[in-house]
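Read off the chains here:
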Amino acid sequence: MFSEVRSLKPLEMRVVFLFYFLICILAAVWDWSSRGDPFYVWKRSELPDLRFLLISALFVLGYFVFVRLLSRLLEAIRALDSLFIQLLTPISYLHIFTLALISSVAEEWLFRGIFLDHFGLFLSSLVFALCHFIPAAKLWLWSLWSLAAGLILGSIYEHTQSLWAPIWIHFLINFAQV
């Protein structure tokens with residue numbers, strides 16, 4: 001398990017929230033310096049319709065069931081689950097909800113709203129995956145999944161031209177994983 005590699009302390013929520021706040025500041029400053037408006041990407045983003053929200057929720061539910069079944073076969077998924085339990089067990093459901101929401105908004109704003117628009121789908125997805133890299137041999141699958149997720153979320157952003165759609169899916173995945 002990951003605990004054999006290194007013992008981790010539970011996440012300090014204040015540090016996590018500060019980290020994601022700084023990501024939002026970085027995204028706003030980047031948007032302001034490159035487009036003249038710190039909220040440019042938000043002003044052009046429309047809310048997805050109810051049909052999209054329901055279909056994507058069903059997709060994430062299917063994904064969650066698939067991962068649960070796959071975890072019975074792959075040690076890498078069980079090791080990742082163990083890591084998340086170690087990091088997140090002592091926090092409340094409210095904190096888990098808030099963490100899923102804040103991480104989704106901040107990461108989608110930076111990686112899709114800023115990086116994808118400036119560097120393209122593959123490079124922004126690669127940077128997203130590298131930022132989610134966990135340096136443990138048993139957790140290599142997480143980095144590959146992060147690359148695939150970046151490509152999927154980026155494609156959804158390109159198709160909808162809205163941050164809200166990838167934020168919704170990212171939030172559901174983060175919340176379901178915990």
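Residues numbered from 1 in each chain as written. Predicted model: local features only at pLDDT ≥ 70, side-chain atom pairs only at ≥ 80, totals over all residues. Heavy atoms only, no water.

Focus on the packing of helix α6 (residues 93–119) against helix α7 (residues 121–131)
Part 1 of the argument: Viewed as axis vectors pointing N to C, α6 and α7 meet at an angle of 145 degrees, and their least axial separation amounts to 7 Å. Read as a crossing pair, α6 and α7 show a hand that is right-handed. Side by side, α6 and α7 meet where Glu107, Phe111, Arg112, Phe115, Leu116 and Phe119 of the first sit next to Leu121, Leu123, Ser124, Val127, Phe128 and Cys131 of the second.
Part 2 of the argument: For the contact of α6 with α7, the per-class residue count stands at 9 nonpolar, 1 polar and 2 charged. (Axes fitted to C-alpha atoms, helices over the stretch in contact; angles between N-to-C directions. Helix = DSSP H or I, 4+ residues; strand = E, 2+ residues; numbered from the N terminus. Left-handed = near helix turned anticlockwise from the far one by under 90°. Contact = heavy atoms within 4.5 Å. Nonpolar A, V, L, I, M, F, W, Y, C, P; charged D, E, K, R; others polar.)

Some thoughts on the environment of Leu110
Part 1 of the argument: Position of Leu110 relative to the elements: it lies in helix α6.
Part 2 of the argument: For Leu110, a relative accessible area of 6% puts it in the buried group.
Part 3 of the argument: The spacing of Leu110 and Ile23 is 87 residues in sequence and 7.0 Å in space, taken between C-alpha atoms.
Part 4 of the argument: Setting aside anything within four residues of it in sequence, one finds Leu110 in contact with Ile23, Leu26, Ala27 and Phe115. (Buried < 20%, exposed > 50% of the residue type's maximum accessible area, 1.4 Å probe, protein only.)

Comments concerning the environment of Ile169
Part 1 of the argument: Secondary-structure assignment places Ile169 in helix α9 (residues 164–177).
Part 2 of the argument: Classification of Ile169 as buried rests on a relative accessible area of 6%.
Part 3 of the argument: With 16 residues separating them along the chain, Ile169 and Leu153 place their C-alpha atoms 7.8 Å apart.
Part 4 of the argument: Aside from chain neighbours lying at most four places away, what touches Ile169 is Phe52, Ser56, Val60, Leu153 and Ile156.

Details of unusual backbone geometry
Part 1 of the argument: For Gln161, which is not glycine, the phi dihedral falls at a positive 55 degrees.
Part 2 of the argument: Tracing the backbone through its elements, the reader meets Gln161 in the loop between α8 (140–160) and α9.
Part 3 of the argument: Assessed through its relative accessible area of 36%, Gln161 is described here as partly exposed.

So, the confidence of the model for the chain
Part 1 of the argument: Of the residues in the chain, 89% reach a pLDDT of 70 or more, and the chain-wide mean stands at 85.
Part 2 of the argument: Mean pLDDT per element in the chain: helix α1 (residues 2–5) is the minimum at 40, and α7 is the maximum at 95.
Part 3 of the argument: When the criterion is pLDDT under 50, residues 1–8 qualifies, and its contacts beyond four places in sequence or with other chains add up to 17 contacts. (pLDDT = per-residue confidence, 0-100.)

Section: the pattern of salt bridges
Part 1 of the argument: Across all of its chains, the model carries 5 salt bridges by this definition.
Part 2 of the argument: A salt bridge links Asp117 to Arg44; its shortest N-O distance comes to 2.9 Å. Of this pair, Asp117 sits in helix α6 while Arg44 sits in the loop between α3 (40–43) and α4 (50–71), placing them 73 residues apart in sequence.
Part 3 of the argument: Arg112 is paired through a salt bridge with Glu108; the nearest N and O atoms lie 2.7 Å apart. Highlighted residues: Arg112 and Glu108, both in helix α6, separated by 4 residues, approximately one helical turn.
Part 4 of the argument: In this structure Glu108 comes out as buried when scored by relative accessible area, which is 0%. (Salt bridge = Lys/Arg side-chain N within 4 Å of Asp/Glu carboxyl O.)

Some remarks on the packing of aromatic side chains
Part 1 of the argument: Summed over all chains, the structure comprises 13 aromatic pairs.
Part 2 of the argument: Among the aromatic residues, those joined into a cluster by ring pairs are Trp30, Phe111, Phe115, Phe119 and Phe128.
Part 3 of the argument: Note that Arg112 overlies the ring of Phe128, its terminal NZ or CZ placed 4.5 Å from the centroid. (Phe/Tyr/Trp six-rings, centres within 6.5 Å; stacked < 30°, edge-to-face > 60°. Lys NZ or Arg CZ within 6 Å of the ring centre and 35° of its normal.)

A closer look at the packing of α7 against α8
Part 1 of the argument: With their axes 8 Å apart at the nearest point, α7 and α8 run at an angle of 140 degrees to one another. If you check the angle between α7 and α8, you find them oblique. In this structure, α7 crosses over α8, and the sense of that crossing is right-handed. Counting all contacts with α7, which are made through Leu121, Phe122, Ser125, Leu126, Phe128 and Ala129, the residues of α8 involved are Ser143, Ser146, Leu147, Ala149, Gly150, Leu151, Gly154, Ser155 and Glu158.
Part 2 of the argument: Each residue belonging to the contact of α7 with α8 can be placed in one class, and the counts come to 8 nonpolar, 6 polar and 1 charged. (Parallel < 35°, antiparallel > 145°, perpendicular 65-115°, else oblique.)

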